[in-house]
Amino acid sequence: MSGAPYARAAHALALAMVAAAAAVEAQTEWLRAHATFYGGPDASGTMGGACGYGNLFAQGYGTRTTALSTALFSGGASCGQCYKLVCDRKTDATWCKPGVSVTVTATNFCPPNWKLPDGGWCNAVRPHFDMAQPAWEKIGVFSGGIIPVIYKRVSCVKKGGVRFTVNGHDYFNLVLLTNVAGPGSIRAMDVKGSQPPAEDWMHMARNWGANWHSLAYLTGQGLSFRVTVTDGQTIVFTDVVPPKWRFGQSFASTLQFKL
């Protein structure tokens, strides 16, 4: 069987993801999509997720969260972004609650359902929000199950500074960023230690979701991070992790990105 159809499909998906990312980055207008919900009435089923935030209540995200379809998730680059949604009464007002909106943070991925001919609502090219149920019910009537929405990117409002959680093991430092204000999502990240030869900035790579990794040996050193968010702001978090840190610990900074 020829691989040409698969190659064309992969190319189309790549173009769709690039176009979606570019549109979101500069988004000021309202766009159309659909929204479903998951996780139960208390949102307990939304914990964890493809962004790696773990317990969303403990991390401060609460029940105002959403999973994004492939076109919006961008391989994890959209983790932490915030979206304002309104039920689209002009398209179909049947299950809409009028005069209300909800702002949610992207914390998970809604994958295509390839048991369906087109991949379902979260197929590879359709923008779709699979929201925590309490967030969805702010704008939709429960029995509807799915609603048309209009949405746009908005700045994320956070209390306190950016937080860093250091996981992994020696020679594999996996750092999770949470509580990121402004654009909410990370474009690039570097790390440096407090001892030679790690005193120069070293590039970190996105591992998965909001987790970034370094393969340097940094155990026992104070750590600084240089973080660039997707609107271009850069902050240096000097010595935010003290030398006696242990894997699994979290550290809160006093610095935050502008809205």
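Keep in mind the model is a prediction, meaning the values are calculated, not measured. (Residues numbered from 1 in each chain as written. Predicted model: local features only at pLDDT ≥ 70, side-chain atom pairs only at ≥ 80, totals over all residues. Heavy atoms only, no water.)

A. Up close: the overall build of the protein. Along the backbone of the protein there are three helices and 14 strands. Per-residue burial over the protein gives 46% buried out of 259 residues. Of the roughly 12,100 Å² of accessible surface on the protein, 59% is carried by carbon and sulfur atoms. (Helix = DSSP H or I, 4+ residues; strand = E, 2+ residues; numbered from the N terminus. Buried < 20%, exposed > 50% of the residue type's maximum accessible area, 1.4 Å probe, protein only. Areas by Shrake-Rupley, 256 points an atom, 1.4 Å probe, with all protein chains shown as cover.)

B. Focus on the side chain of Asp190. Assignment of secondary structure puts Asp190 in strand β9 (residues 186-193). Not counting the four nearest positions on each side in its chain, Asp190 is found in contact with Trp201, Met202, His203, Met204, Ser224, Phe225 and Arg226. (Contact = heavy atoms within 4.5 Å.)

C. Looking closely at the state of the cysteines. The tally for this structure, following the rule as stated, stands at four disulfides. A sulfur-sulfur separation of 2.0 Å characterises the disulfide bridge that pairs Cys51 with Cys79. Its torsion about the S-S bond being -90°, the disulfide of Cys51 and Cys79 is classed as left-handed. With Cys51 in the loop between β1 (31-38) and β2 (65-68) and Cys79 in the loop between α2 (70-73) and β3 (82-87), this residue pair connects regions lying 28 residues apart in the sequence. The two residues Cys51 and Cys79 agree in class, both being buried. Here Cys87 engages in a disulfide with Cys96; their sulfurs sit 2.0 Å apart. With the S-S bond torsion at -65°, the cross-link from Cys87 to Cys96 turns out left-handed. (Disulfide = S-S within 2.5 Å.)

D. Looking closely at the sheet that holds β3. Strand order in this closed barrel of six strands is β1-β5-β2-β4-β3-β6, and the pairing throughout is mixed. With direction set aside, neighbouring strand axes in the sheet form an average angle of 45°. Alignment of β2 against strand β4 (residues 102-109), held across four bridges, turns out to be parallel. Among the inter-strand pairings, Thr66 is bridged to a residue of β4, identified as Ala106. (Pairing = 2+ DSSP bridges. Axes fitted to C-alpha atoms, helices over the stretch in contact; angles between N-to-C directions.)

E. Broad picture of unusual backbone geometry. With an omega of 5°, the peptide bond between Pro196 and Pro197 qualifies as cis. Although it is not a glycine, Ser74 adopts a positive phi angle of roughly 55°. Within the fold, Ser74 resides in the loop between α2 and β3. Overall, the relative accessible area of 17% leaves Ser74 in the buried class.

F. Looking closely at the pattern of salt bridges. Within the structure shown, the criterion is met by three salt bridges. In this structure, the salt-bridge partner of Arg226 is Asp190, at a minimum N-O distance of 3.2 Å. Of this pair, Arg226 sits in strand β12 (residues 223-229) while Asp190 sits in strand β9, and the two are 36 residues apart along the sequence. Residue class for Arg226 comes out partly exposed when judged on its relative accessible area of 28%. On the accessibility criterion, Asp190 (15% relative accessible area) is buried. (Salt bridge = Lys/Arg side-chain N within 4 Å of Asp/Glu carboxyl O.)

G. Structural detail: the environment of Leu255. Turning to its location among the elements, Leu255 is positioned in the segment after β14 (249-252). Residue classification places Leu255 among the partly exposed positions, given a relative accessible area of 35%. Along the chain, Leu255 and Val240 lie 15 residues apart, while their C-alpha atoms are 9.9 Å from each other. With residues up to four places along the chain from it excluded, the contact list for Leu255 reads Gly161, Val162, Ile235, Val236 and Phe237.

H. Seen up close, the confidence of the model for the protein. In this model, the protein carries a mean pLDDT of 91, and residues with pLDDT of at least 70 account for 90%. Confidence over residues 1-26 falls short of pLDDT 50; this stretch has 17 contacts with residues more than four positions distant or in other chains. (pLDDT = per-residue confidence, 0-100.)

I. Broad picture of the packing of aromatic side chains. Going through the model one piece at a time under the given rule, you end up with twelve aromatic pairs. Seen in terms of ring centroids, Trp245 and Phe247 are 4.9 Å apart; in terms of plane orientation they differ by 90°. Their pairing is edge-to-face. Accessibility expressed as a relative area gives 30% for Phe247, which makes it partly exposed. (Phe/Tyr/Trp six-rings, centres within 6.5 Å; stacked < 30°, edge-to-face > 60°.)

J. Geometry of the environment of Ala124. With respect to the helices and strands, the residue Ala124 is situated in the loop between β4 and β5 (128-132). Under the relative-accessibility criterion, Ala124 is labelled buried at 15%. Ala124 sits twelve residues away from Pro112 along the chain, and the two C-alpha atoms are 6.4 Å apart.

K. Representation of the pairing of strand β10 (residues 202-208) within the structure. With three bridges connecting them, β9 and β10 associate as antiparallel partners. Residue Asp190 lies in a different strand from β10, and its bridge partner there is His203. As paired strands, β10 and strand β11 (residues 211-214) are joined by three bridges and run antiparallel to one another. Bridge pairing in β11 places Ala205 opposite His213. Where β10 folds back on β11, the antiparallel hairpin that results is connected by two residues, among which Gly209 adopts a positive phi of roughly 55°.

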